Amino acid sequence: MDNVSRPWPALWSLVIGFFMILVDTTIVSVANPAIMRGLQTDINSVIWATSAYLLAYAVPLLITGRLGDRFGPKNLYLTGLVLFTAASAWCGFANDIQMLILARVFQGLGASMMTPQTMSVITRIFPPDRRGAAMGLWGAVAGLAALTGPILGGLLVDSLGWEWIFFVNIPVGLLGFLMAWRFVPALPTHSHTFDLAGVLLSAAGMFLLVFGIQQGETYHWSTIAGPVTVWSLILAGLLILAGFVVWQSRNRKEPLLPLKIFRDRNFSLANGGITTVGFAVTCMSLPLIFFFQSVRGLTPTQSALMLAPTAIISAVLAPLVGRTIDKVNPKFFATAGLVLMAGGLGWYALLMTPTTAVALLLLPAAVLGLANACVWGPLSTTATRNLQPADAGAGSGVYNTTRQIGAVLGSASIAALMQARLAEELPRGATVSGAQAEAGAAVLPDFLHAGFSTAMAQSLLLPAAVALAGAVVTLFFARPQPVSGWGEPASGTPGSAAGHRAGTPRRQR
């Protein structure tokens, strides 16, 4: 029996890598204060370690999805896993913030090779009417990573040092490589040409846009050097991205972004929805972790445990939601989940004061767990339901690109907003890093607690508003049509008729 006939071992093998990618994002958020002290840097620089990772992750996703179609998703996944694992070791050995940021770029490149292949394989080996359960597992892994990352990060930072949040990826990467080598099938490949102009335009546009937003507060939203201003970079990024879209519409060969797949209404709307999820999820952890550690005096482990209800509830409920959305319109779950996400973040903003009982702060975390369980599986199932096998790599690349674009913009925006609110709420002349250095501890002096708490609470209103916008988008999902007869052989001639017939869904009449 080939591995396509046994899709679940293949999925479990792939989600190990997906789990590691997500853990690496959440684990770093807990370690940020320790990295600041260990590498003697500031908030903006340490956040760039996350932003650089997210940017390097997002920019190549369109092309790595196509590379998976051309050379096989299994081959691209394994190559990315090797790169990600090696870069993790490099991160652990970094002795200054510049080296850490560079190593995180290579981590992001490895992650960009892995992620589209995970969704592409799910799309190609699970029929649409069973894909909800598979995507439910995908969502459960996201929830489990949200728990394991902060808690493991806290334990490692408290006991061994921040370097070990990266070293821990090495054994996980080796296990993931062996399992994927054994269980992930070698699916048929499809010939593709590559839109190099599109790659350059998308990369340049995203870099200029994110750099402008990320560094805006540092340069007081004014001049960077000579005639170059923050706003000129942001405007240039937007114009280049607009040019990228125009080029994609006029490219008569094979565009990097095949606009035809956006003719499917649900695919287009799901991409909009996952962009808001990526934005909100990336935004929300930074203000919370800094509040828990700098105001409430919690250790990294304790601050991570404050987010445990989010991950536990998400991990338990996501598979149940996944099995349900094969029979129920996923719109209802996605919309409810995004509304709950906005509500949970708003609740946090109300409770984030220096005197609120710590136990009360667990309640909005539970709401966010329920929200998380309701968004990942329904959105990904809606996006991939009507994709043909030949478009699986491109579609999953687009979907993950929009998710990561949301994450990159979220990381950049929350950094700028946090700095702006701190400048407004703290006493004139006071800085967080200066006060911590003077006190010789991670906890801020008492006279800064109120202003810092207010700034972090106000920052959470940004992801709350974006999540609410995502809920509006999902209201317009069309009811999915019943489909059956999906599958694809584990090997075959690239582009063969047999391979295409095996991968074409037959609609019920």
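Counting restarts for each chain, with residues numbered from 1 along the sequence as it is written. Reporting of local features is limited, given that this is a predicted model, to residues whose pLDDT is at least 70; pairs of side-chain atoms are given and counted only at 80 or more, and all residues count toward the totals for whole chains, interfaces and linings. Derived side-chain values reflect all non-hydrogen atoms in the structure, with water molecules and hydrogen atoms excluded from consideration.

Undergrad: How would you explain the overall build of the protein if you had to name every residue and give the values?
TA: Helix and strand counts for the protein stand at 19 helices and four strands. Here the accessible surface of atoms and residues is derived via Shrake-Rupley with a 1.4 Å probe, and residues count as covered only by protein chains that are part of the display. If you sum the accessible surface of the protein, you get close to 19,100 Å²; carbon and sulfur atoms cover 68% of it. Numbering of helices and strands runs from the N terminus, with a helix taken as a DSSP run of H or I at least four residues long and a strand as a DSSP run of E at least two residues long.

Undergrad: Mind laying out the environment of Trp 48, listing which residues take part and the relevant values?
TA: Tracing the chain through its elements places Trp 48 in helix α2 (residues 43–58). Each residue is placed in one exposure class: buried if its accessible area under a 1.4 Å probe, protein chains only, is under 20% of its type's maximum, exposed if it is over 50%, and partly exposed if it falls in between. The buried category is assigned to Trp 48, whose relative accessible area is 11%. Between the C-alpha atoms of Trp 48 and Phe 211, which are 163 residues apart in sequence, the distance is 9.6 Å.

Undergrad: Pulling in residues and values, what's your account of the nonpolar core?
TA: Grouped burial of nonpolar side chains is what soluble globular proteins tend to show. Core analysis: the biggest nonpolar cluster contains 132 residues, and Leu 100, Trp 162, Phe 292, Tyr 348 and Met 456 have the highest contact counts within it. If one sorts the elements of this core by residue count, helix α1 (residues 7–38) sits on top with 17 residues. Each domain's extent was defined by an automatic or database domain assignment. A domain split of this core shows at least three residues from each of domain 1 (1–192) and domain 2 (260–478). In these notes, a set of buried Ala, Val, Leu, Ile, Met, Phe, Trp, Tyr and Cys residues joined through side-chain atoms within 4.5 Å is what counts as a nonpolar core.

Undergrad: Let's hear about the side chain of Thr 64: which residues, and what values?
TA: Along the chain, Thr 64 turns up in helix α3 (residues 61–71). Since its relative accessible area comes to 4%, Thr 64 is described here as buried. Each polar contact in these results corresponds to two N or O atoms within 3.5 Å; when the atoms are within protein, one needs to be able to donate a hydrogen and the other to accept it, and residues that are neighboring in sequence are counted only if both atoms are side-chain atoms. A polar contact of 3.2 Å, which involves the side chain of Thr 64, links it to the backbone oxygen of Leu 61. In what follows, residue pairs with any heavy atoms lying within 4.5 Å of each other are defined as contacts. Setting aside anything within four residues of it in sequence, one finds Thr 64 in contact with Ser 112, Met 113, Pro 116 and Gln 117.

Undergrad: Requested: an account of the confidence of the model for the protein, with residues and values cited.
TA: Model confidence for the protein is summarised by a mean pLDDT of 82, while 88% of its residues fall at 70 or above. Contacts for the low-pLDDT stretch residues 434–441, under 50 throughout, to residues beyond four places or in other chains number eight contacts. One confidence number per residue, pLDDT, is output by the predictor and ranges from 0 to 100.

Undergrad: How would you summarise the pattern of salt bridges if you had to cite specific residues and measurements?
TA: Within this document, salt bridges are pairs made up of a side-chain nitrogen of Lys or Arg and a carboxyl oxygen of Asp or Glu, the two lying within 4 Å of each other. Counted according to the given criterion, the structure contains two salt bridges. Arg 421 is the partner of Glu 425 in a salt bridge, and the nearest nitrogen-oxygen pair spans 3.2 Å. Residue Glu 425 and its partner Arg 421 are located together in helix α16 (residues 392–425), separated by four residues, close to a single helical turn. The exposure class assigned to Arg 421 is partly exposed, which follows from its relative accessible area of 23%.

Undergrad: Could you give an account of the packing of aromatic side chains, naming the residues involved and the relevant values?
TA: Side-chain rings of Phe, Tyr and Trp (the six-membered ring for Trp) are treated as a pair once their centres are within 6.5 Å; stacked means planes under 30 degrees apart, edge-to-face means over 60, and tilted covers the remaining angles. Evaluated as defined, the whole model comprises nine aromatic pairs. Pairing Trp 8 with Phe 126 gives two aromatic rings, centres 5.1 Å apart and planes at 75 degrees, and the pair type is edge-to-face. Residue Trp 8 is located in helix α1, and its partner Phe 126 is located in the loop between α5 (97–125) and α6 (131–159); the two are separated by 118 residues in the primary sequence. Trp 8 sits in the partly exposed class, given a relative accessible area of 31%.

Undergrad: Explain helix α10 (residues 230–250) residue by residue, including any values.
TA: To estimate the expected span of a helix, count its residues, drop one, and scale the result by 1.5 Å. Here α10 is 21 residues long and its end C-alpha atoms lie 31 Å apart, about the 30 Å a rise of 1.5 Å per residue gives. The complete set of buried residues in α10 reads Val 230, Leu 233, Ile 234, Gly 237, Leu 241, Phe 244 and Gln 248. Down the axis of α10, the buried set is contained in an arc of 100 degrees. They therefore lie on one face. Set apart from the buried face of α10 by more than 90 degrees, the exposed residues are Trp 231, Leu 239 and Arg 250. Our arc is simply the arc of the directions from the helix axis toward the C-beta atoms.

Undergrad: I'd like a rundown of the environment of Phe 290, residues and numbers included.
TA: Tracing the chain through its elements places Phe 290 in helix α11 (residues 265–294). Along the backbone, Phe 290 and Ser 303 are 13 residues apart, and their C-alpha atoms lie at a distance of 9.0 Å. Not counting chain neighbours up to four residues away, the residues in contact with Phe 290 comprise Asn 32, Pro 33, Met 36, Ile 43, Val 295, Met 418, Phe 452 and Met 456.

Undergrad: Give me unusual backbone geometry: which residues, what numbers.
TA: In this model, Gln 40 sits at a positive phi of 50 degrees, which is unusual for a non-glycine residue. Here Gln 40 shows up in the loop between α1 and α2. Given the relative accessible area of 75%, Gln 40 is considered exposed.

Undergrad: Break down the packing of α1 against α11 for me, citing the residues and quoting the values.
TA: Helix-helix packing is characterised by the crossing angle of the two axes and by the distance between the axes. Across the interface, α1 lies against α11 with an axial gap of 8 Å and an inter-helix angle of 55 degrees. Here α1 is positioned oblique relative to α11, judged by the angle of their axes. Considering how the two elements wind past one another, α1 and α11 form a crossing that is right-handed. In this structure, α1 uses Ser 29, Val 30, Asn 32, Pro 33 and Met 36 to contact α11, whose residues at the interface are Ser 285, Leu 286, Ile 289, Phe 290 and Gln 293. Of the residues assigned to the contact of α1 with α11, the class counts are six nonpolar, four polar and no charged. Note on definitions: angles span 0 to 180 degrees between N-to-C directions of axes, and those axes are lines fitted to C-alpha atoms, for helices only across the stretch in contact. Throughout, the term roughly parallel applies to angles under 35 degrees, roughly antiparallel to angles over 145, roughly perpendicular to angles from 65 to 115, and oblique to all others. Each crossing gets its hand from how the near helix is turned against the far one by less than a right angle, where anticlockwise is left-handed and clockwise is right-handed. Side-chain classes are defined by residue name, with Ala, Val, Leu, Ile, Met, Phe, Trp, Tyr, Cys and Pro counting as nonpolar, Asp, Glu, Lys and Arg as charged, and the others, Gly among them, as polar.

Undergrad: Describe in detail the environment of Leu 448, supporting the description with residues and values.
TA: With respect to the secondary-structure elements, Leu 448 resides in helix α18 (residues 446–474). Separated by 23 residues in the primary sequence, Leu 448 and Glu 425 have C-alpha atoms spaced 9.1 Å apart.

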